Structure formats: C-alpha cells, structure tokens
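What follows is each chain in one-letter form.
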Amino acid sequence: MTSSHRHVHPSPPAHLAVDGDLSRWDDDGGSPPPASRRTANLDAHWLRISAALTARLPELAGRDDVIVTCEDGTRSGAPAAFYPTLAALEIDTSVFKPLHPARIRPEQVGEEDCYPVAWGALVHEAAHAAHSRWTTPRPLLGTELDEAAQLLEESRAERAHLARRPTDRRYLRATVRTLILDDLTADTPTTVWHTAQAAALILARRDAGILDPDETQPLAQLAEQILGSDLLTELTRIWQAVHATADADADTMLDHARAWCDALNNAPTAPPPTGDPGGSAAGRGALARAVDQVTGAVAANQRAQAAAEHAVRAASAARAAARTEQAGRQRAATATAKAVFAPGARPHLPASAAGGGFRARSPITGSRPPTSAEQRAAATLARALRQAAYRARTDSVTTSAAPPGRLNMRAALARDAQRAAGATPTAQPWVSTQRRHTPNPPLRVGIAVDVSGSMSAATAPIASATWILAKATALTDPASRAATVAYDLGLTAVTAPGRTPAHVTEFRATGAGHSLAEAIDALTAGLDLTRPGAARLLVIVSDARYFPDETDRAAQRMKHLGAAGCALLWITFHQHTTPPAGATLLELADPARAVTAIARAVTTTMAAAR
C-alpha cells in the first residue's frame, strides 16, 4: 500500500519544504516573503473553507476536537489524511476542482452535492477519526504487518461509519477513483501482491456495502484468475472478519493482518514488498483495465442515481409549486366570490382586467315574468337533473350458519358432509340480502353567461336559458343551490348562491373582453364546485370567441374542475363554436323549445363526471 493509500498517520508527519522555509524566516527574526494579492485571496478562501469544514466535522465524526485544513498538497502525499496524535485532518485543495474556492460554501448544508469527491474525502477521514481507535505498536511500524493492517482498516472504518450515517454512502462512492485507485496505473504489474491490494481496496468495500457486486465484477473475475479461488476466498474471509472487529481492538486487527501476510506468504515483520513481488506478472495493464471498468461502472451508476434523484426532486418541487399556486388561486377565488356575491355588490372588475381604463358596468336591463313554456321547460329539466343525480340502491349479501335468509342447498350439503366427517362445520348455507337506498345528493349548479358584444344577438335565449337552469336546480331539492354570473371584462352577479330567481333577468351584450376564468373562480368558491358530497355542474353560455390568453386561463380552471368531478356543459347559440377541451358542447337556437336537448346534455354530462 503506497503512501497515498494510507490515510491514518500515527506519527506527526515531516513538514513540507515550504514549512521549513517559513520556519527559517521566523528563526532569523524576519518576515516571510510577501505573497501576491491573488495568492493572499486564495489563502483567505481556503482558510474560510477549512473553518467551515471544521465546524461541520462533528456531525460526521461525532467529535469536536479535530481541526480541518485545506492545503495545496497534504504532508502525507495523499488526497486526504488524518493524524490521530494531532487531532488534525488535511484535505488537498485539488479534490475540489474545478470549483473556484470563492464558490465553495461548506457552511451551507446540502451544498456538498456540488463537490461530492471532496466531501467524500472528508467523510472518509471522519470515519477514521471516529472509528480508527487502535494503533500499530511502534516496533512494527513500516512492516508488512502494519501495511496490511492499515489496508484492511480502510473498508472497516467506512463500514462502521455507514452504520451510523448510511446516507453518506453516495459520497464515499464518489471518492473511489480519487482516494483509492489513482496509484493503480497501466504500469502497475498484475502480480499477486498488487491484485490482493486492489481486492482489499475494492472487493472489501463491496462487502462493506459501499460498492455494488455488479460494479466490482470485472476485478473479482481478474482476482480469481490471478490469486486462485482458494486464496481469494481466504482473503475475503479475512476482510469480512475485519469488518466485525471493534474500533479499539488492536490485537484482533493485528491478528487479521498477520493472517493476511501468511496467506500471501509474506513475512509480517519484513518491509513491504517492492518491485514485482508475488511471482511473475500476468501482464502490465490488466489490473488497471479491470479497475477502470469498476470505476466506470460506479460513475455510471452514480450518474443514474443522481438523475433519478434530480427527477424526484423536480417532481416534488413541481407538486409543491402546484399546491402553492392552487392555494393562491383558491384565496383569490374566495376574494372574487365575496366581491361578486356580496349583498348590493356593484359589477366587479378583476385585477387581470384592471389598468386598461375599462369600467365595469352592469349588463342587466331589467326582468320579466317567465313564460308558461319556460316554466314547463324548468320542470322538465328539474326531472332530468334529479335523474342525473340519482343514486341506485346498494345490495349487501351476507351468509350465516342459521336463519334468517335463503337456503343455499350446495352449502347445506357441504355443511352436512363436514359434520358427518367429524370436522368443524364451516359452510354457511343461509344467504341474506340487504338493500339500502342511497339518498340523492343535492345539486350545485354554476352558470356563467357571456355578455360581450359578440353575444348581442343571443341575449333573449341567454336570459331564458339562464332562468330555466337556475329554476330547475331549485326545484330538484331544497338543499340544491345555483348561482349565475354575467361576464365580459367585468363580473356581475345575476343570482347569488342559494337564491331562486322569481323572474327572468334580461341582459344587454355590449361588453368587451372575457373574464371567464374569474367568473369560474367566483362560482367555484361560491358553490364549492370542487368539494365532493354534491352533484356539481358548471354551465357556460358563450360563443367561445376569445383571445388565446383568455381561453388558456379558462381552460386551466375547467381542467381543475373536471379533475375534481364537476361536470362541464357549454351552451352556445352560434354554429362552429369550439370550447376548451373537457366541456360537453350543446348548440341551441331556443332553449325553451329545445329543453329536451338541454336535459339530455345535462344528464349525459353529469353521468360522465360521476
């Protein structure tokens, strides 16, 4: 195991050359050479980052006495290292690349996803700080036994860390190439010693739960080819036993390291092998290629996992945004309903239509008594509405071992056979049917009437259709309610929720624009058209000649109502009308004479929405 693989250094490391230069300057009583402004700025950023990482280390390691420093090259030569006797943790600034230090904010929880490799290095060293609580006796330092023990400690510490913080697995996986495998190059000989080292770094992490079996399969196959199945099995048994070793059990760890040396026929007290130990190489580059396949598989799985998590977060954010938007729309709809249906309210101009100099005026010109034909039409439509809201009775069938009920002979014979056989009778031959009538729900009918200039030729049938629908709703059930809103750019309440119109309200259609979306909001809030428990119907009387943005806003409201179970009926007195999707279209010339068509459309529409 090379120095870059050793992350726990029991002895204080030698100072870097720059540390020695600075010490000599201090000894001479002078000041160190001045740094450039750019270097000073970078140093300031790395000091800030080091302080932020030190502040967050307790959540990873469970201890608050470790100081984290970010350096341009650690004293050990590894990308990251932990020094137990100094309670110090070093991270090479290169692992943060390509991020500029000014953009790194470790104090912000969640920001670590911007630099998973660097955070994985911190997690790895935090695992050592928390769980590597044993040391090799000083006489054995630098021996093959020490080298094997430190090699096995790598996956043991990470496995112990994952037991406390399983969500850190993604960051440990991100460090596989940087912290573990950079020393395994195309020049690395494929020898027994190097293959065993790679197996301890990679296959042991598979058994520790950091890597997946499919990711490590290329190296597992090569290791079995080079080491042989028996030796690989023995090495696997050793590192699996290491994973079960306690944090401070130095004796057991050294025993496992000794078994590792014996399995590889290496003297425990000798220096670590150099050159090409373990016999002749099976070809340079094979081990590096297998390792590259492992890291490629890990990286691909990491990308797929990140993409899946991003999709989940995006969907969650979209749902939250939709809920927020819907809540805001409901508040706005409630405010609109209050403004439109308040007693004595004047025509209301929605905020979407304000600012253009338009002044909302009432389109109501007066009222008249309903004709006999309209009264008959209302009575006929009321019967159709009751039929549309009808709920069939429900039948519940129960069985029992004794009357009352109807005798099922097959079950009776089965019961006799069970009794004759000495078994406990379980057949239940008596069948009872209970029929219950489900009360018909009340009706909620909202009527939106277009009084813009394009509807001027249809004001008479509009007035008639509006009265027939409202009156028919009131005739169905005392608890039924209807409301009518006339709209151009402004909104005018014709009938408030729950008020039965005694007379036919007459209109003039001279308005400009269409605030249908806001009219739907007022009716939805005033009649609870989205709340279950009632048969709900929205009727829109219009020629659908709108600007695209008016159509889009209305279609959005209609889609929401349709999803909530409210039936949608669009009545027009013009040919070639194309309403937004989701509404049943009914073209009429005279609703009093075509009441059968209205009744059929209402029945069909409400049945489809139920």
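In this text, all values refer to a predicted model and were calculated from it rather than measured experimentally. (Residues numbered from 1 in each chain as written. Predicted model: local features only at pLDDT ≥ 70, side-chain atom pairs only at ≥ 80, totals over all residues. Heavy atoms only, no water.)

1. So, the overall build of the protein chain
Phase 1: Across its full length, the protein chain carries 17 helices and 14 strands.
Phase 2: Taking all 610 residues of the protein chain together, 47% fall into the buried category.
Phase 3: Taken as a whole, the protein chain presents about 28900 Å² of accessible surface, with 53% of it coming from carbon and sulfur. (Helix = DSSP H or I, 4+ residues; strand = E, 2+ residues; numbered from the N terminus. Buried < 20%, exposed > 50% of the residue type's maximum accessible area, 1.4 Å probe, protein only. Areas by Shrake-Rupley, 256 points an atom, 1.4 Å probe, with all protein chains shown as cover.)

2. Some words on the sheet that holds strand β12 (residues 535-541)
Phase 1: Taken in spatial order, the six strands line up as β10-β9-β8-β12-β13-β14 in an open sheet, and their pairing is mixed. The sheet is open, and its two edges are formed by β10 (491-495) and β14 (584-587), each paired on a single side. Strand after strand, the sheet turns through a mean of 20° between neighbouring axes, direction not considered.
Phase 2: With seven bridges connecting them, strand β8 (residues 443-450) and β12 associate as parallel partners. (Pairing = 2+ DSSP bridges. Axes fitted to C-alpha atoms, helices over the stretch in contact; angles between N-to-C directions.)

3. Here's the deal with the sheet that holds strand β1 (residues 67-71)
Phase 1: Taken together, three strands build an open sheet; the order of strands is β1-β3-β2 and the sheet is mixed. Each of the sheet's edge strands pairs with one partner strand only, and the pair in question is β1 and β2 (80-83). Averaged over all adjacent pairs, the angle separating strand axes in this sheet is 15°, with direction ignored.
Phase 2: Pairing between β2 and strand β3 (residues 88-92): four bridges, direction antiparallel. Of the residues in β3, the one forming a bridge with Tyr83 is Ala88.
Phase 3: Lying over the sheet, helix α3 (residues 116-131) contacts β1, β2 and β3, oriented at roughly 20° with respect to β2. (Contact = heavy atoms within 4.5 Å.)

4. Some words on the packing of helix α7 (residues 192-207) against helix α9 (residues 229-243)
Phase 1: At a minimum axis separation of 10 Å, α7 and α9 run at an interaxial angle of 45°. Compared by their axis directions, α7 and α9 come out oblique. α7 and α9 meet at a crossing whose hand is right-handed. When α7 is examined against α9, the residues Val192, Ala196, Ala199, Ala200, Leu203, Ala204, Arg206 and Asp207 are found in contact with a partner set consisting of Leu231, Leu232, Leu235, Thr236, Trp239, Gln240 and His243.
Phase 2: Taken together, the residues of the contact of α7 with α9 break down into 10 nonpolar, three polar and two charged. (Parallel < 35°, antiparallel > 145°, perpendicular 65-115°, else oblique. Left-handed = near helix turned anticlockwise from the far one by under 90°. Nonpolar A, V, L, I, M, F, W, Y, C, P; charged D, E, K, R; others polar.)

5. Description of the confidence of the model for the protein chain
Phase 1: In the predicted model, the protein chain carries a mean pLDDT of 83, and 85% of its residues have values of at least 70.
Phase 2: Across residues 16-27 the pLDDT falls below 50, and counting only partners more than four positions away or on other chains, this stretch makes nine contacts in the model. (pLDDT = per-residue confidence, 0-100.)

6. Considerations on the nonpolar core
Phase 1: Membership of the largest hydrophobic core comes to 73 residues, with the highest contact counts inside it found for Phe96 and Trp260.
Phase 2: Not counting chain neighbours up to four residues away, the residues in contact with Phe96 comprise Trp46, Ile49, Leu53, Cys70, Ile91, Ile104, Tyr115 and Ala118.
Phase 3: With 41 residues, the next largest nonpolar core counts Ile462, Ile468, Ala599 and Val602 among its residues. (Core = buried A, V, L, I, M, F, W, Y, C linked by side-chain atoms within 4.5 Å.)

7. Here's the deal with the pairing of β1
Phase 1: In β1, alternate side chains face the same way, and those of Val68 and Cys70 are buried while those of Ile67, Thr69 and Glu71 on the opposite face are not.
Phase 2: Where β1 and β3 come together, five bridges link them in parallel fashion. Within the sheet, the bridge partner assigned to Glu71 lies in β3 and is Asp92.

8. Side note on the pattern of salt bridges
Phase 1: With the rule as written, the count across this model stands at 26 salt bridges.
Phase 2: The partner of Glu234 in a salt bridge is Arg237, with the nearest N and O atoms 2.8 Å apart. Taken together, the residues span about one helical turn, with Glu234 and Arg237 both in helix α9 at a distance of three residues.
Phase 3: Among the charged side chains, a salt-bridge network with shared partners connects Asp113, Arg170, Glu309 and Arg313. (Salt bridge = Lys/Arg side-chain N within 4 Å of Asp/Glu carboxyl O.)

9. Overview of a positive patch on the surface
Phase 1: A contiguous patch of positive charge, built from Arg346, Arg359, Arg361 and Arg508, is present on the exposed surface.
Phase 2: Note that Arg359 resides in the loop between α11 (286-341) and β4 (364-368).
Phase 3: When its relative accessible area of 65% is taken as the criterion, Arg359 is described as exposed. (Patch = residues over 30% accessible without salt bridge, like charges linked within 9 Å, V, L, I, M, F, W, Y side chains within 5 Å. Lys, Arg positive; Asp, Glu negative; His and termini not counted. Charge placed at Lys NZ, Arg CZ, Asp CG, Glu CD.)

10. Considerations on the packing of aromatic side chains
Phase 1: Inspection of the entire model under this criterion finds four aromatic pairs.
Phase 2: An angle of 50° between the planes, with centres 5.4 Å apart, marks the rings of Trp46 and Phe96 as tilted. Of this pair, Trp46 sits in helix α2 (residues 37-61) while Phe96 sits in the loop between β3 and α3, placing them 50 residues apart in sequence.
Phase 3: Ring geometry for Tyr546 versus Trp570: centroids 6.4 Å apart, planes at 55°, classification tilted. One end of the pair, Tyr546, is in the loop between β12 and α16 (548-563); the other, Trp570, is in strand β13 (residues 567-572), with 24 residues separating them in the sequence. Each member of the pair, Tyr546 as well as Trp570, is classed as buried.
Phase 4: Three or more aromatic residues joined by ring pairs form one cluster here, namely Trp46, Phe96 and Tyr115. (Phe/Tyr/Trp six-rings, centres within 6.5 Å; stacked < 30°, edge-to-face > 60°.)

11. Some details on the pairing of β10
Phase 1: Of all five residues in β10, four are buried; the element is thus mostly enclosed.
Phase 2: As paired elements, strand β9 (residues 481-487) and β10 share four bridges and run antiparallel to each other. By the bridge assignment, Tyr487 is partnered in β10 with Leu491.
Phase 3: Connecting the antiparallel pair β9 and β10 is a turn made up of three residues.

12. Focus: the environment of Ala601
Phase 1: Secondary-structure assignment places Ala601 in helix α17 (residues 595-609).
Phase 2: Separated by 217 residues in sequence, Ala601 and Ala384 have C-alpha atoms that sit 9.6 Å apart.
Phase 3: If we ignore the near neighbours within four places in the chain, the residues touching Ala601 are Leu569 and Leu586.

13. Observations regarding unusual backbone geometry
Phase 1: In this structure, Pro98 follows Lys97 across a cis peptide bond, with omega equal to 5°.
Phase 2: With respect to the helices and strands, the residue Pro98 is situated in the loop between β3 and α3.
Phase 3: For the peptide bond that leads from Pro403 to Pro404, omega is 10°, which places it in the cis range.
Phase 4: Position of Pro404 relative to the elements: it lies in the loop between β5 (394-400) and β6 (406-407).

14. Quick look at the packing of helix α4 (residues 144-164) against helix α10 (residues 250-263)
Phase 1: Running from N to C, α4 and α10 point in directions that differ by 110°, and their axes come no closer than 8 Å. The angle between the axes of α4 and α10 places the two elements in the roughly perpendicular class. Handedness of the α4/α10 crossing: right-handed. Every residue of α10 that contacts α4 at Glu144, Leu145, Ala148, Ala149, Leu151, Leu152, Glu153 and Arg156 is listed here: Met253, Leu254, His256, Ala257, Arg258, Trp260 and Cys261.

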